[in-house]
Amino acid sequence: MAVTNNAVIGVALGYIEANPDEMDLIRSLVVLALHGPAITARSTQPAHVTCRAAVVSPDWRVLEVMNGSASTWQLPGGHVEADASSLLGAALEHATRHAGVEANMVIPDRIVPFDVDATIVEAAPILGEPQHVHYDVTYLLHVEDRGLAVPDNGPNRIRWVDPGQIAGRLGVKLRAASHQSRLVP
C-alpha cells in the first residue's frame, strides 16, 4: 500500500507542531500534497518526497553511506517505493538496503521526522527528469552498536562520523541532540 498524500500531510502537520519555525517550508509541501498527484511518486513534478535515515550510535556517531555510483558520503536514503506503508518505514528500508541495518535493531527517536528539508535536484536529461525539488524527510534512528550496520556484498560502503560533519540545518540539529543527550544522566 502506497503512502498517501493524506498520510504525508499528517506527518507534515506533526512536524510543524514540533518545529513551528519551519512553517513556510512545510506549507509548500502540504499545498502540493493537497492539490497534486501522489507526492511520494518519483515522477511527481515539480516536487516529491524522499526519505532518509539519520542512524546514530550510543556515542552519537552518524552513519553515512557511499554508493558505488555516488561521489559523496550521505545518509542512507532515497525515493519512497510504491509499496512503502509509511515514511518512517521508507527510511527504515533505506537504512536496511544501503547500510545493512536490521530494521528490528533500531529504535526510532519518534514517529515525527527529525528534519524536513527541500533540496533542488538538477535536471537529469538521461533519465528524462527536469530540475525538481526533493522534500527530504529524515528520521532519527538509534542503534545499540555500530557493528549492526554491515552492507551486503553490494557496492555500498559505510562510515560513522561526528554530527559536526553533517552539513546544514540537519547537522545543527544532530549536534544539538547529541549535546542534549549527554546532559541527561
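A few points on the structure. This is a predicted model, so every value here is computed, not measured.

**Observations concerning the overall build of the chain**
Moving on, step 1. Each helix and strand counted, the chain has 4 helices and 7 strands in total.
Moving on, step 2. A compact globule built from 185 residues should have a C-alpha radius of gyration of about 16 Å, and the chain, at 16 Å, falls within 12% of that.
Moving on, step 3. Counting only C-alpha atoms, the chain reaches 45 × 40 × 30 Å along its principal axes.
Moving on, step 4. Here the chain holds 185 residues, and 42% of them are scored as buried.
Moving on, step 5. The long-range share in the chain, meaning contacts at least 24 apart out of those at least 6 apart in sequence, stands at 70%.

**Quick notes on the side chain of Thr40**
Moving on, step 1. In this structure, Thr40 sits in the loop between helix H2 (23–35) and strand E1 (47–56).
Moving on, step 2. Take Thr40: its relative accessible area is 6%, and that puts it in the buried class.
Moving on, step 3. Within polar-contact distance, the side chain of Thr40 engages the backbone oxygen of Val3 at 3.4 Å.
Moving on, step 4. In this structure, Thr40 is in contact with Val3, Val8, Val49, Val80 and Leu87, ignoring residues within four places of it in sequence.

**Here we look at the environment of Asp117**
Moving on, step 1. Structurally, the position occupied by Asp117 is in strand E5 (residues 115–121).
Moving on, step 2. For the pair formed by Asp117 and Val49, sequence separation is 68 residues and the distance between their alpha carbons is 9.9 Å.
Moving on, step 3. Asp117 has contacts with Leu25, His134, Tyr135, Asp136 and Arg169, leaving out every residue within four places of it along the chain.

**Topic: the environment of Arg52**
Moving on, step 1. With respect to the element layout, Arg52 can be found in strand E1.
Moving on, step 2. The sequence separation of Arg52 and Glu93 amounts to 41 residues, and the corresponding C-alpha distance is 9.4 Å.
Moving on, step 3. Ignoring any residue separated from it by four or fewer positions in sequence, one finds Arg52 in contact with Leu75, Pro76, Gly77, Ala91, Asp115, Asp136, Val137, Thr138, Tyr139 and Leu170.

**Comments concerning the pattern of salt bridges**
Moving on, step 1. The final tally for this structure, using the stated rule, is 12 salt bridges.
Moving on, step 2. Between Glu22 and Lys173 there is a salt bridge whose closest N-O contact spans 2.9 Å. Of this pair, Glu22 sits in the loop between helix H1 (5–18) and H2 while Lys173 sits in helix H4 (residues 168–183), and the two are 151 residues apart along the sequence.
Moving on, step 3. On the basis of relative accessible area, Lys173 is assigned to the buried category, the value being 16%.
Moving on, step 4. Across the salt bridge formed by Arg27 and Asp24, the nearest N and O atoms sit 2.8 Å from each other. You can see Arg27 and its partner Asp24 sitting in helix H2, 3 residues apart, about one turn around the helix.

**A short note on the packing of H1 against H2**
Moving on, step 1. Remark: H1 packs on H2, axes separated minimally by 9 Å, with the N-to-C direction vectors making an angle of 165°. Our classification of the angle between H1 and H2 gives roughly antiparallel. Crossing geometry of H1 relative to H2 is assigned as left-handed. Contacts between H1 and H2 involve Asn5, Val8, Ile9, Ala12, Tyr15 and Ile16 from the first element and Met23, Ile26, Leu29, Val30, Ala33 and Leu34 from the second.

**Focus: the pairing of E1**
Each regular strand carries side chains that alternate between the two faces of the sheet.
Moving on, step 1. Along E1, 9 of the 10 residues are buried, which leaves the element largely enclosed by surrounding structure.
Moving on, step 2. In the sheet, E1 pairs with strand E3 (residues 77–79) via 3 bridges, with the strands oriented antiparallel. Bridged to Arg52 within E3 is Gly77.

**Some remarks on the nonpolar core**
Moving on, step 1. Counting residues in each nonpolar core, the largest one holds 37 residues, and the members touching the most others are Ile26, Val49, Val55, Val80, Leu87 and Leu141.
Moving on, step 2. Broken down by secondary-structure element, the contributors of at least two residues to this core are H1, H2, E1, strand E2 (62–66), helix H3 (87–99) and strand E6 (132–143).
Moving on, step 3. Among the elements that make up this core, the one with the highest residue count is H3 (7 residues).
Moving on, step 4. Apart from residues lying up to four places away in sequence, Val49 is in contact with Val8, Leu29, Ile39, Thr40, Val80, Leu87, Tyr135 and Val137.
Moving on, step 5. Of all hydrophobic cores here, the second largest spans 12 residues; its members include Trp60, Phe114, Leu140 and Leu170.

Parameters at a glance
- Residues numbered from 1 in each chain as written.
- Predicted model: local features only at pLDDT ≥ 70, side-chain atom pairs only at ≥ 80, totals over all residues.
- Heavy atoms only, no water.
- Helix = DSSP H or I, 4+ residues; strand = E, 2+ residues; numbered from the N terminus.
- Rg over C-alpha atoms; globule rule 2.2 N^0.38 Å.
- Buried < 20%, exposed > 50% of the residue type's maximum accessible area, 1.4 Å probe, protein only.
- Contact = heavy atoms within 4.5 Å.
- Polar contact = N/O pair within 3.5 Å; in protein donor to acceptor, adjacent residues only side chain to side chain.
- Salt bridge = Lys/Arg side-chain N within 4 Å of Asp/Glu carboxyl O.
- Axes fitted to C-alpha atoms, helices over the stretch in contact; angles between N-to-C directions.
- Parallel < 35°, antiparallel > 145°, perpendicular 65-115°, else oblique.
- Left-handed = near helix turned anticlockwise from the far one by under 90°.
- Pairing = 2+ DSSP bridges.
- Core = buried A, V, L, I, M, F, W, Y, C linked by side-chain atoms within 4.5 Å.

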